[in-house]
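Chains, contacts and geometry: an overview
Residue-level listing of the chains:
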Amino acid sequence: VGVTVHELYHSWYQNVLATNEALYAWMDEGFTSFASSETMHYLFESTGNPHTGSMRGYQRLVDSGKEEPMATHADHYHTNFAYGRAAYSKGAVYLNQIRYIIGEEAFRSGMLRYHDEWKLKHPTDLDFIRLMEKESGMILDWFHEYFVHTTKTIDYGIASVEASESLTGTTQIELERMGLMPMPLDIRIEYTDGSKEEFYIPMRIMRGEKPAEHDLKRTILEDWPWVEPSYSFTIPMPMENIRSISIDPTERLADVNTTNNVLMYTPEQ
Ligand SMILES: [Zn+2]
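Residues numbered from 1 in each chain as written. Predicted model: local features only at pLDDT ≥ 70, side-chain atom pairs only at ≥ 80, totals over all residues. Heavy atoms only, no water.

**Regarding the sheet that holds strand β1 (residues 156-163)**
Inclusion rule: The pairing criterion is simple: DSSP has to find at least two bridges between the two strands. Strands here mean DSSP runs of E at least two residues long; helices mean DSSP runs of H or I at least four residues long; both are numbered from the N terminus. Every angle, taken between N-to-C directions, lies between 0 and 180 degrees, and every axis is a line fitted to C-alpha atoms, over only the stretch in contact when it is a helix.
Read from one edge to the other, the open sheet built from 3 strands follows the order β1-β2-β6, with strand pairing classed as antiparallel. Each edge of the open sheet is held by one strand with a lone partner, namely β1 and β6 (230-235). Taken pair by pair, the neighbouring strands of this sheet meet at an average axis angle of 20°, ignoring direction. Summarising the sheet, β1 and strand β2 (residues 171-177) pair through 7 bridges and their orientation is antiparallel. Pairing of Val 161 across the sheet is with Ile 173, part of β2.

**Quick notes on the domain arrangement of the protein**
Heads up, the condition is: Residue ranges labeled as domains rest on an automatic or database domain assignment. In this description, contact between two residues means that some pair of their heavy atoms is separated by no more than 4.5 Å. Joining two parts hides part of their accessible area as seen by a 1.4 Å probe, and the buried area is that hidden amount summed over both. Here a salt bridge means any side-chain nitrogen of Lys or Arg lying within 4 Å of a carboxyl oxygen belonging to Asp or Glu. Nitrogen and oxygen atoms within 3.5 Å of one another constitute a polar contact, given that in protein one can donate a hydrogen and the other can accept it, and given that sequence-neighbouring residues count only through two side-chain atoms. Throughout this entry, Asp, Glu, Lys and Arg are counted as charged residues, while Ala, Val, Leu, Ile, Met, Phe, Trp, Tyr, Cys and Pro are counted as nonpolar. The remaining residues, Gly among them, count as polar.
According to the domain assignment, the protein contains domain 1 (2-149) and domain 2 (156-264). A separation of 27 Å is found between the C-alpha centroids of domain 1 and domain 2. In this assembly, 21 residues from domain 1 lie in contact with 25 residues from domain 2. Summed over both partners, the interface of domain 1 with domain 2 comes to about 1900 Å²; 64% of that surface belongs to carbon and sulfur atoms. Three residues, Tyr 100, Trp 142 and Tyr 146, lead the burial of domain 1 against domain 2; their summed loss comes to 40% of the area buried on that side. Counting every contact that joins domain 1 to domain 2 gives 1 salt bridge. In this structure, Glu 104 engages Arg 252 in a salt bridge whose closest nitrogen and oxygen atoms are separated by 3.8 Å. At the junction of domain 1 and domain 2, the tally comes to 9 residue pairs in polar contact (both at pLDDT 80 or more). Among the elements that take part in the side of domain 1 that touches domain 2, helix α5 (residues 80-102) stands out by supplying 7 residues, more than any other. Of the residues assigned to the side of domain 1 that touches domain 2, the class counts are 13 nonpolar, 6 polar and 2 charged.

**Here we look at the pattern of salt bridges**
Convention followed: Residue burial is assigned from relative accessible area. The probe radius is 1.4 Å, only protein chains are included, and a residue is buried under 20% of its type maximum, exposed over 50%, and partly exposed in between.
Under the criterion given, the structure shown has 18 salt bridges. Across the pair Lys 119 and Asp 116 runs a salt bridge, and its minimum N-O distance is 3.4 Å. When its relative accessible area of 53% is taken as the criterion, Asp 116 is described as exposed. Its salt-bridge partner being Arg 243, residue Glu 190 comes within 3.1 Å of it at the nearest N-O pair. Placement of the pair is Glu 190 in strand β3 (residues 185-191) and Arg 243 in strand β7 (residues 242-247), with a sequence separation of 53 residues. Taking the relative accessible area as the measure of exposure, Glu 190 reaches 22% and is therefore partly exposed. The exposure class assigned to Arg 243 is partly exposed, which follows from its relative accessible area of 32%. Through salt bridges that share partners, Glu 38, Arg 99, Glu 104, Arg 108, Asp 186, Lys 210, Glu 213 and Arg 252 make up one connected network.

Take a look at the structure:
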């Protein structure tokens, strides 16, 4: 069924949109893979993340050390492996990153608008990103540059959590950027009473913020200047009330090392 769904989606990606397969293989195979993963997830009422497979494929590409920029002409990749993973896996992950950056609503309407405005017109990668910028009201060229034209990766982690010295009853959280590619961050904190809240760290280069995607209480923090390797913020809650802190609770961010993304406190600690 998976292959049938995948091949059906090629009716839209590449056939109707008619993108250049040699220059933008990822806009065909990647977008097709993304759509078929969503559909398979829906058809089989699966739980969990529909794009785990694409993320795993991208991760294997990164780990192999054979990654080449996704902007490489399809005939000029050094290995077939690098072509395949870039086109199918990283291309699907690309869409999930746009969705993470601009939010679910603008992403959904943007994808519909992409079909509507660009069918039979041979859109380029820049036409697509420009449309998503218009739809979201955010600047996205930085993302496109990093993700399509370089092999730089995303890796954020929780560096430290401490009771704030300056203000009792508050907690200072320090985050670290180890990867060379910056991204805005969604942080979710769960408290010992079971309540949850979110903190959102935008980046200045986006010139905008995504709207809240769920009903949780959400605080928009100051921009993380992308040149800085670390970032701290203080939450008005004592440390002992925290049960867990997670970076990217919706598991969409293409973080290549997720082992440092979640901090859990057990009652004994
Ligand atoms: Zn295909």
